[in-house]
Amino acid sequence: LGYNYKQRYLLEFTFRRDGSSTFGEGNRWANFPSVAVGWSFSEEPFIKRFTGSWLNWGKIRGSYGKSGQTFTSAYLAHGLMNIMDRNFFGKTGVTTDKPVSPYLTWEKTNQYDLGLDMDMFNYRLGLTLDYYYRYSSDKLWQIELPGDYNGFAYQWRNAASVSNEGIELLIRY
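Values in this document were obtained by computation on a predicted structure and should not be read as measured data.

**Things to note about the overall build of the chain**
Argument step 1. Along the chain, the regular secondary structure elements total one helix and nine strands.
Argument step 2. The order of helices and strands in the chain, counted from the N terminus, is β-β-β-α-β-β-β-β-β-β.
Argument step 3. Expressed as a percentage of the 173 residues in the chain, the buried residues total 28%.
Argument step 4. Within the chain, counting contacts between residues at least 6 apart in sequence, those at least 24 apart form 61% of the total.
Argument step 5. For the chain, the computed accessible surface area is about 11900 Å², with 56% contributed by carbon and sulfur atoms.

So this is what it looks like as structure tokens:
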């Protein structure tokens, strides 16, 4: 959903609902919204009077969004069955190669962005400045199990997080 008022005030909203059978029963669906706003300040009459002819176009923008990622190993939450490499009374059986982790959920990322775009001097010089902050949570991590739990030493859990932030500058001439 997007809205543009007088080529000056901009608003955009997006909503996604994703599902995956990779996760346990109660964690298959997740919601991922995003919102962005912008102000083309160069279109304001008072800015045009102040800047004269050196500023051709300028915009300030900000956004927030949430996204999710499934894990690369299919059905990690359910445990995968393998043929046993040992015989039990002369019979071959099946076992899980990892302990079942029914509470595994989406790896989630929240990101914030602030930006400034400017074109100046009859579009001969351009500037784009961005600040971003990204926080990823519920990242998959192998957690050591206490003792010897049915022959498994580790279990996958949503137990890690990481954050990134930075400034990007682009100058065009």
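**Notes on the pairing of strand β1 (residues 2-5)**
Argument step 1. Here β1 pairs with strand β2 (residues 9-19) via four bridges, running antiparallel. Residue pairing in the sheet places Tyr3 in a bridge with Leu11 of β2.
Argument step 2. A loop of three residues connects β1 with β2, the two strands running antiparallel in sequence, and Lys6 in this loop sits at a positive phi of about 60°.

**Details of the pattern of salt bridges**
Argument step 1. Tallied over the full model, the rule gives eight salt bridges.
Argument step 2. A salt bridge links Arg8 to Glu44; its shortest N-O distance comes to 3.3 Å. One end of the pair, Arg8, is in the loop between β1 and β2; the other, Glu44, is in the loop between β3 (29-39) and α1 (45-51), and 36 residues separate them in sequence. In this pair, the class of Arg8 matches that of Glu44, namely buried.
Argument step 3. In this structure, the salt-bridge partner of Asp18 is Arg16, at a minimum N-O distance of 2.2 Å.

**A look at a nonpolar patch on the surface**
Argument step 1. Together, Leu1, Tyr3, Tyr5, Tyr9, Leu11, Phe13, Phe15, Val35 and Val37 line one region of the surface with nonpolar side chains, adding up to about 920 Å² of accessible area.
Argument step 2. Of all the secondary-structure elements, those providing two or more residues to the nonpolar patch are β1, β2 and β3.
Argument step 3. Residue contributions to the nonpolar patch peak at four residues, all from β2.
Argument step 4. The partly exposed category is assigned to Leu11, whose relative accessible area is 43%.

**Quick word on the side chain of Ser136**
Argument step 1. Tracing the sequence through the fold places Ser136 in strand β8 (residues 125-149).
Argument step 2. Here Ser136 is in contact with Lys108, Thr109, Ala160, Ser161 and Val162, once residues within four sequence places are set aside.

**Considerations on the packing of aromatic side chains**
For any pair of aromatic rings, the description consists of the separation of the ring centres together with the inter-plane angle of the planes.
Argument step 1. In total, this model carries eight aromatic pairs according to the counting rule given.
Argument step 2. Judged by centre distance (6.5 Å) and plane angle (10°), the ring pair of Tyr3 and Tyr5 falls under stacked.
Argument step 3. One aromatic cluster in this structure is built from Tyr3, Tyr5 and Tyr9.

**Examining the nonpolar core**
Argument step 1. Phe23, Ala30, Phe32, Phe71, Leu76, Ala77, Leu104, Trp106 and Leu140 together form the largest nonpolar core, which totals nine residues.
Argument step 2. Those residues within four positions of Leu140 in sequence are excluded, and the remaining contacts are Phe71, Leu76, Leu104, Glu107, Trp156, Arg157 and Asn158.

**Structural notes on the side chain of Asp119**
Argument step 1. Looking at the secondary structure, you find Asp119 in strand β7 (residues 107-120).
Argument step 2. Using a relative accessible area of 15% as the deciding quantity, one classes Asp119 as buried.
Argument step 3. Contact partners of Asp119, with chain neighbours within four places excluded, come to Trp54, Leu55, Asn56, Trp57, Leu125, Gly126 and Arg172.

What counts, and where the lines are drawn
- Numbers given for residues are sequential positions, taken from 1 along each chain in its written order.
- The predicted nature of this model means local features are confined to residues of pLDDT at least 70 and side-chain atom pairs, given and counted, to a pLDDT of 80 or more, with totals for whole chains, interfaces and linings taken over all residues.
- Calculation of side-chain values draws on the structure's entire complement of heavy atoms; hydrogens and water are dropped beforehand.
- Secondary structure elements are defined from DSSP: runs of H or I of at least 4 residues count as helices, runs of E of at least 2 residues count as strands, and each element is numbered from the N terminus.
- Relative accessibility thresholds used throughout: buried, under 20% of the residue-type maximum; exposed, over 50%; partly exposed, between the two (1.4 Å probe, protein chains only).
- Two residues form a contact once any of their heavy atoms are found within 4.5 Å.
- In these tables, accessible area is a Shrake-Rupley quantity obtained with a 1.4 Å probe, and a residue counts as shielded only by the protein chains included in the view.
- Here a strand pair is declared whenever DSSP counts at least two bridges between the two strands.
- Salt bridges, as used here, are contacts in which a Lys or Arg side-chain nitrogen is within 4 Å of a carboxyl oxygen on Asp or Glu.
- A residue counts toward a patch only above 30% relative accessible area and without a salt bridge, and it is joined to like-charged neighbours within 9 Å or, for Val, Leu, Ile, Met, Phe, Trp and Tyr, to nonpolar neighbours within 5 Å.
- By convention, a stacked pair of Phe, Tyr or Trp rings (six-membered ring in the case of Trp) has centres within 6.5 Å and planes under 30 degrees apart, an edge-to-face pair has planes over 60 apart, and any other such pair is tilted.
- For the purposes of this section, nonpolar cores are sets of buried Ala, Val, Leu, Ile, Met, Phe, Trp, Tyr and Cys residues that join through side-chain atoms within 4.5 Å.

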